[in-house]
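Close look at the chain arrangement
The primary structure of each chain is shown beneath.
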Amino acid sequence: MSLTCILVVLTALGLTAGPASAQISDGLVKIGVLNDQSSLYADLTGQGSVVAARMAVEDYGAAQKGLKVEIIFADHQNKADVGSNIARQWFDAEKVDVIVDVPNSAVALAVNQITRERGKAFLVSGAATSDLTGKACSPNTIHWTYDTWALANGTGTAIVKTGGDTWFFLTADYAFGHALERDTEAVVLKNGGKVLGKVRHPLNTADFSSFLLQAQASKAKIIGLANAGGDTTNAIKQGAEFGIVRGGQNFAGLLVFLTDVHGLGLQTAQGLIFTESFYWDSNDKTRAFAKRFAERNRGIHPTMIHAGVYAAVTHYLKAVEALKADDGTKVITRMKEMPTDDPLFGKGTIRPDGRKVHAMYLFEVKKPAESKAPWDYYKLRATIPAEQAFRPLDQGDCTLVKK
Amino acid sequence: MSTGDTHAEAQEPAATATVPHHQVVAFVLMVAFFTAAPFFVYPVFLMKALCFGLFACAFGLLIGYVGLLSFGHAAFLGTAGYVTAHAAKVWGWSPELAIAAGTALAGALGLVVGALAIRSRGIYFANITLAFAQMIYFFCVQVPFTHGEDGIQAVPRGTLLGLLDLHTETAMYFAVLAIFVAGLLLIYRTIHSPFGQVLKAIRENEPRAISLGYRADRYKLLAFVLSAALSGLAGGTKALVFQLASLTDVHWTMSGEVVLMTLLGGLGTVFGPVVGALIMVTLEHYLAQLGAWITIVQGAIFVVCVLTFRRGVVGEVARLLKKPL
Amino acid sequence: MFFGVPAQALFGQLLIGLINGSFYAMLSLGLSVIFGLLNIINFNHGALYMMGAFVAYFLLQWAGLGYWWALLIAPIVIGLVGVVLERTMLKRLYHLDHLYGLLLTFGLALVIQGAFRHAFGSSGLPYTIPGELAGGRNLGFMFLPNYRAWVIVCSLVVCFGTWYVIERTKLGSYLRAATENPTLVRAFGVNVPRMITLTYGFGVALAALAGVLAAPIYQVNPLMGADLIIVVFAVVVIGGLGSIMGSIVTGFALGIIEGLTKVFYPEASNTVIFVIMAVVLLVRPAGLFGRER
């Protein structure tokens, strides 16, 4: 037998050993947390989401109720191909019943499609695109936490109403950025504001100085950041250097997370205005959760995405228990029928298009002097009630919504 | 790679134009393995290995037999993927036509890039290919039909030749296997043909080949176009397998990955790139849980291979067998 | 108004381009020096630049040593890292094709970046501008932060200092001679291997210095060098691999060109350097100031 032969056989044997975690019984609810574990969204989702999912399972008392639940996770590296590959593998070969989180709209859309084809379940916390409850809506998907429409509506409306009526957009040049800019511009115009200019920057730009110059020259009161992650924090940091805030202009972060503020530091981030659906320091229940969460997550406090994962998994388990089954389509339908209630978002509902509805909040970052403790970063500027926070049901082009 | 240094280490393909017996055996074994494997291993994983295997072989053709290291081969893989995805989804073409379109475009792109790049060699050639690949990447980011970061999603697999519904994994798998085998046979035939002989002569001593009357640039260009087209074939097929075409496939890190696969498998060998691709795909699969570790391991493999393992897996095996593989 | 753009905006962008060019110049200088003497394309330059920024961050976090210390210490530390890399790994590749050096350093870059990403994530760590350089002055057509002005000055000094040493001093002449004909230079009693090692260390130290300069502006982030290296690579190739003056001039020039592109056609700002590189390579394969090897 030639060496090539042996090599080939050995490789074959190695591969037959099968993919990582094996399991097969169907008395098991298997939850897959799929998100970015290593790159620009790792802190705002990443391992924190896995922790949140685990806490949800424990707090729900799955073990006591005789429900066997297993949680696995993987890193999609912000790539649609990696993400969809993992999703496919999980559903086909590893009997995963539900996929949770998935930040990055491109990956989420791909996973949405794959979940639908296989009749499984998909609970989105991380991704932003409002298409998930619009054009791409699916009977197998529920979109939790937030979406681009809510962000645009929340931040845009509130800012214009509180005096920020001239805008300049700094937009990441890809679909998500375009959508966010488009939605926010519509809102600004609708509320009587004006858009004085826009500039598009490549994704992952390290240096915003030239774009900030243009923003300054426009003399717009508000510089809208239609981007996320490193782009947002870089723009803000460099904005501080160029004296944007001192010069009387304000940044409107259209997608900002607690961990971004933490990374920037209050000195730089102060005055930033944005919309989120959850803040750990809102009430006693959220504070209690945050304390337990931080202990398990290296001291990092929960972002709204982590909170969304917790709430979604909790509600999912309730539906599974009620149905005594984990068939994806059926569970999602059941989840839509049941009103939600959890310590983090309070009471809420899920619409037929898969949109989870709850209040959104307009926050402003505190000045360093106003912050009394680590992670004490936000002050509440306004609350947007649930009925107004999300795109009206009939405007989404969702085929699941009967006209 | 320039003559002399590296090829003293790499394998010397057979001097005659007939097919060596042991290579036939290896080929048959490989096909047998891939035919049996989907019954034990998740087919989509294997299809990924096959597509990357074809891509790596196409790349390997250029470096192993022409001696040119292209640092921009992802451009061909990725653009073909986009064209195939678009043709299948938006124009509704059947899979074989969609893939053919992707392949043809990649070949055309290869002609343009190759015509401009062939004049250089060595590090300068790598630079030019990288420059063009970057331009193509940014073109793909901007142009509307690729949908930028979202990529082209939900690409229908269609029905092959109106007979075989490719939506089942098994059917798709065997279609991909057929494409892979066809591609490999084409490469093999090219190497063991008069054309291949001239290429080898050019690689060994270009001035001499020119003095013998061969238009070296034309041969190199043709090899480049072939390499680009086959990369496109791999890319188009991949787009249908995963029903997705994305920026990942045109990014420069993909170009780096294919270099790694070929290096790991064995530069200048026939089966090396396939083995390298299989190993890399397996590694990525098992390390997927560990995120950043994939990059670290890939880097470490690069380092180890360059320092101590330049012949690659198949190269070492071939050396032990004392036969070219 | 120039081409429909107010003069204010134009000059502002030119100045910013100059700042970016400073980074390109410093990094491509290091790359060029290394290629000139070692024939190695140092693909891990970006990773070492990133490590320089991290050293500055660690010095501040763990030792309370501020920016000015970092400017001194980081290049030395990373320079030593470079020396170790050269002695243990790069040395073995000199007798082979250049491309193996490229592949090895590419692999090293992956390892270093992966390790840092694993340890620190990719959100970026804050590093504040040192107090002495905070603030800025209003130049009329733009508000120029003092720190950015400092970057330009520092970069110019370092670049021309290096150029002077290499082109006009005795040490530099040994270096240049060793590039041409190492055997002969060795025969004259000059310790060529040591010179090579130190040169690599120096080139890498330049990258680390650029990293420290970048830390307050770009956030300390494991991926900060990853896409930058491709651009710097292009700059070096345009200027001419091995040409010191070529890298410096091209670095600044391309920074300015990129800045201008951002004004008129921002979406292309990433591509313009590669287009120029392709054109230059087709017309003058050895680069604008280089000599073909």
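On a predicted model such as this, the values are computed, not experimentally measured, just so you know.

Focus on the overall build of chain A
- In terms of regular secondary structure, chain A is built from 14 helices and 15 strands.
- In terms of overall size, chain A behaves like a compact globule, its C-alpha atoms giving a radius of gyration of 22 Å where 403 residues would be expected to give roughly 22 Å.
- Dimensions of chain A along its principal axes, counting C-alpha atoms only, are 75 × 55 × 45 Å.
- Relative to its 403 residues, chain A shows a buried fraction of 65%.
- If you take every contact in chain A between residues at least 6 apart in sequence, the share linking residues at least 24 apart comes to 70%.
- Looking at chain A as shown, the accessible area adds up to about 13,900 Å², and 55% of this sits on carbon and sulfur atoms.
- Taking the 44 positively charged and 41 negatively charged side chains of chain A as two groups, their mean positions are separated by 3 Å.

Looking at the pattern of salt bridges
Residues and elements named next belong to chain A.
- Counted by the stated rule, this structure contains 29 salt bridges over all chains.
- Its salt-bridge partner being Arg 118, residue Glu 117 comes within 3.3 Å of it at the nearest N-O pair.
- Under the relative-accessibility criterion, Arg 118 is labelled partly exposed at 25%.
- In this structure, the salt-bridge partner of Arg 287 is Asp 284, at a minimum N-O distance of 3.1 Å. Highlighted residues: Arg 287 and Asp 284, both in helix α11 (residues 284-296), separated by three residues, approximately one helical turn.

A few points about the confidence of the model for chain C
- For chain C, per-residue confidence averages 85 on the pLDDT scale, and 96% of positions sit at 70 or higher.
- Taken over the whole predicted complex, pTM reads 0.84, whereas the ipTM for its chain interfaces reads 0.82.

Structural notes on the packing of helix α5 (residues 146-168) of chain C against helix α8 (residues 192-218) of chain C
All names here are of chain C.
- One can describe the packing of α5 onto α8 by two numbers: an axis separation of 10 Å at closest approach and a directional angle of 170 degrees. Taken as axis vectors, α5 and α8 run roughly antiparallel relative to one another. Along its contact with α5, which presents Tyr 147, Arg 148, Trp 150, Val 151, Cys 154, Val 158 and Thr 162, the element α8 presents Phe 202, Leu 206, Leu 209, Val 212, Leu 213, Pro 216 and Ile 217.
- Per-class residue counts for the contact of α5 with α8 are 12 nonpolar, one polar and one charged.

What about unusual backbone geometry?
- Positive phi, normally seen in glycine, also occurs at A:Lys95, with a value near 55 degrees.
- Following the sequence through the fold, A:Lys95 ends up in the loop between α3 (80-93) and β3 (98-101).
- You will see that B:Gln243, though not glycine, has its phi angle at about 55 degrees, which is positive.
- Position of B:Gln243 relative to the elements: it lies in the loop between α10 (216-242) and α11 (252-265).

So, the interface of chain C and chain B
- On the side of chain B, 41 residues touch chain C, which itself brings 43 residues to the contact.
- For the chain C and chain B pair, buried surface summed over both sides reaches about 3,800 Å², with 78% attributable to carbon and sulfur atoms.
- Summed over the three residues of chain C that lose the most area to chain B, namely C:Leu99, C:Tyr100 and C:Leu103, the buried surface amounts to 17% of that side.
- If you look at where chain C meets chain B, you find one residue pair in polar contact (both at pLDDT 80 or more).
- No other element matches the 15 residues that helix α4 (residues 98-120) of chain C contributes to the side of chain C that touches chain B.
- In terms of residue class, the side of chain C that touches chain B is built from 28 nonpolar, seven polar and eight charged.

What about the packing of aromatic side chains?
- Taken as a whole and assessed by the stated rule, the structure comprises 43 aromatic pairs over all chains.
- A centroid spacing of 5.7 Å and a plane angle of 70 degrees characterise the contact between C:Tyr67 and C:Tyr147, whose relative ring orientation is edge-to-face. On the criterion of sequence distance, the pair formed by C:Tyr67 in helix α3 (residues 67-88) and C:Tyr147 in helix α5 is long-range, its members being 80 residues apart.
- A residue is classified by how much of its surface remains accessible, and C:Tyr67, at 4% relative accessible area, is buried.
- Here the aromatic cluster, defined as three or more aromatic residues joined through ring pairs, consists of A:Phe274, A:Tyr279, A:Trp280, A:Tyr361, A:Phe363 and A:Tyr378.
- A:Lys65 extends its terminal NZ or CZ atom over the ring of A:Tyr60, reaching a point 3.9 Å from the ring centre.
- The positively charged end of B:Arg310 is found above the aromatic ring belonging to C:Tyr100, 5.7 Å away from the centroid.

Quick word on α8(C)
Residues and elements named next belong to chain C.
- With 27 residues, α8 should reach 39 Å at 1.5 Å per residue; the first-to-last C-alpha distance of 38 Å fits that figure.
- Taking the largest bend as the criterion, α8 deviates by roughly 25 degrees, centred on Val 212, and proline Pro 216 comes between one and four positions later.
- For α8, the N-terminal cap is Asn 191; the gap from its side-chain oxygen to the backbone nitrogen of Arg 194 is 3.2 Å.
- In the stretch just after α8, Gln 219 is the one whose phi turns positive, near 65 degrees.

Remarks on the state of the cysteines
Residues and elements named next belong to chain A.
- For the structure shown, the criterion picks out one disulfide over all chains.
- Between the sulfur atoms of Cys 137 and its disulfide mate Cys 398 the distance is 2.0 Å. Of note, the bridge from Cys 137 to Cys 398 carries an S-S torsion of about 90 degrees and is right-handed in sense. Note that Cys 137 is positioned in the loop between β4 (121-124) and β5 (141-143) and Cys 398 in the segment after α14 (386-389), a separation of 261 residues in sequence.

Comments concerning a nonpolar patch on the surface
- Judged by side-chain polarity, B:Val90, B:Trp91, B:Trp93 and B:Leu97 come together as a nonpolar surface patch covering roughly 440 Å² of accessible area.
- Within the element layout of this structure, B:Val90 appears in the loop between α4 (74-89) and α5 (95-117).

With respect to the nonpolar core
- Judged by nonpolar contacts, the single largest core of 225 residues is most densely connected at B:Phe34, B:Phe180, C:Tyr49 and C:Leu104.
- Ignoring sequence-local partners within four residues, the contact set of C:Tyr49 consists of C:Leu27, C:Ala207, C:Ala208, C:Ala210, C:Gly211, C:Ala214, C:Tyr218, C:Met224, C:Gly225 and C:Leu228.
- If you look at the next biggest cluster of nonpolar residues, it comprises 103 residues, including A:Ile71, A:Ile159, A:Phe211 and A:Tyr377.

Description of the sheet that holds strand β11 (residues 340-342) of chain A
- The strand order across the open sheet formed by three strands is β11-β12-β13 (chain A), and the pairing between neighbours is antiparallel. The sheet is open, and its two borders are formed by β11 and β13 (356-357) of chain A, each paired with just one other strand.

Some remarks on the sheet that holds strand β1 (residues 28-35) of chain A
All names here are of chain A.
- One open sheet holds the five strands; their spatial order is β2-β1-β3-β4-β5, and the pairing between them is parallel. Both outer strands of the open sheet, β2 (68-75) and β5, are each paired with one neighbouring strand and no more. Sheet twist, expressed as the mean angle between neighbouring strand axes with direction ignored, is 20 degrees.
- Strand direction decides the pairing type here: β1 and β3, joined by four bridges, are parallel. Pairing of Val 33 across the sheet is with Val 100, part of β3.

Examining the environment of A:Asn153
Residue and element names in this part refer to chain A.
- Within the fold, Asn 153 resides in helix α5 (residues 148-161).
- For the pair Asn 153 and Ala 186, spaced 33 residues apart in the sequence, the C-alpha separation amounts to 8.9 Å.
- Ignoring anything within four residues of it in the chain, the contact list for Asn 153 reads Ala 158, Val 187, Gln 388 and Ala 389.

Here's the deal with the side chain of A:Arg391
- As for its position among the elements, A:Arg391 is in the segment after α14.
- If near-sequence neighbours (up to four positions away) are discounted, A:Arg391 is found in contact with A:Ser130, A:Thr133, A:Gly134, A:Trp149, A:Arg351 and A:Gly396.

Thoughts on the packing of α3(A) against helix α4 (residues 105-118) of chain A
Residue and element names in this part refer to chain A.
- In the contact formed by α3 and α4, the axes pass within 8 Å of each other and the chain directions differ by 25 degrees. Compared by their axis directions, α3 and α4 come out roughly parallel. As for the relative orientation of α3 and α4, their crossing is right-handed in sense. Across the interface between the two elements, Ala 80, Gly 83, Ser 84, Ala 87, Arg 88, Phe 91 and Asp 92 from α3 touch Ala 106, Val 107, Ala 110, Val 111, Ile 114, Thr 115 and Arg 118 from α4.
- Residues that form the contact of α3 with α4 fall into these classes: eight nonpolar, three polar and three charged.

Conventions we followed
Residues numbered from 1 in each chain as written. Chains lettered and ligands numbered in written order. Predicted model: local features only at pLDDT ≥ 70, side-chain atom pairs only at ≥ 80, totals over all residues. Heavy atoms only, no water. Helix = DSSP H or I, 4+ residues; strand = E, 2+ residues; numbered from the N terminus. Rg over C-alpha atoms; globule rule 2.2 N^0.38 Å. Buried < 20%, exposed > 50% of the residue type's maximum accessible area, 1.4 Å probe, protein only. Contact = heavy atoms within 4.5 Å. Areas by Shrake-Rupley, 256 points an atom, 1.4 Å probe, with all protein chains shown as cover. Lys, Arg positive; Asp, Glu negative; His and termini not counted. Charge placed at Lys NZ, Arg CZ, Asp CG, Glu CD. Salt bridge = Lys/Arg side-chain N within 4 Å of Asp/Glu carboxyl O. pLDDT = per-residue confidence, 0-100. Axes fitted to C-alpha atoms, helices over the stretch in contact; angles between N-to-C directions. Parallel < 35°, antiparallel > 145°, perpendicular 65-115°, else oblique. Nonpolar A, V, L, I, M, F, W, Y, C, P; charged D, E, K, R; others polar. Buried area = accessible area lost by both parts, 1.4 Å probe. Polar contact = N/O pair within 3.5 Å; in protein donor to acceptor, adjacent residues only side chain to side chain. Phe/Tyr/Trp six-rings, centres within 6.5 Å; stacked < 30°, edge-to-face > 60°. Lys NZ or Arg CZ within 6 Å of the ring centre and 35° of its normal. Expected span 1.5 Å × (residues − 1). Bend = angle between axes of the 7 residues up to and from the residue. Disulfide = S-S within 2.5 Å. Patch = residues over 30% accessible without salt bridge, like charges linked within 9 Å, V, L, I, M, F, W, Y side chains within 5 Å. Core = buried A, V, L, I, M, F, W, Y, C linked by side-chain atoms within 4.5 Å. Pairing = 2+ DSSP bridges. Left-handed = near helix turned anticlockwise from the far one by under 90°.

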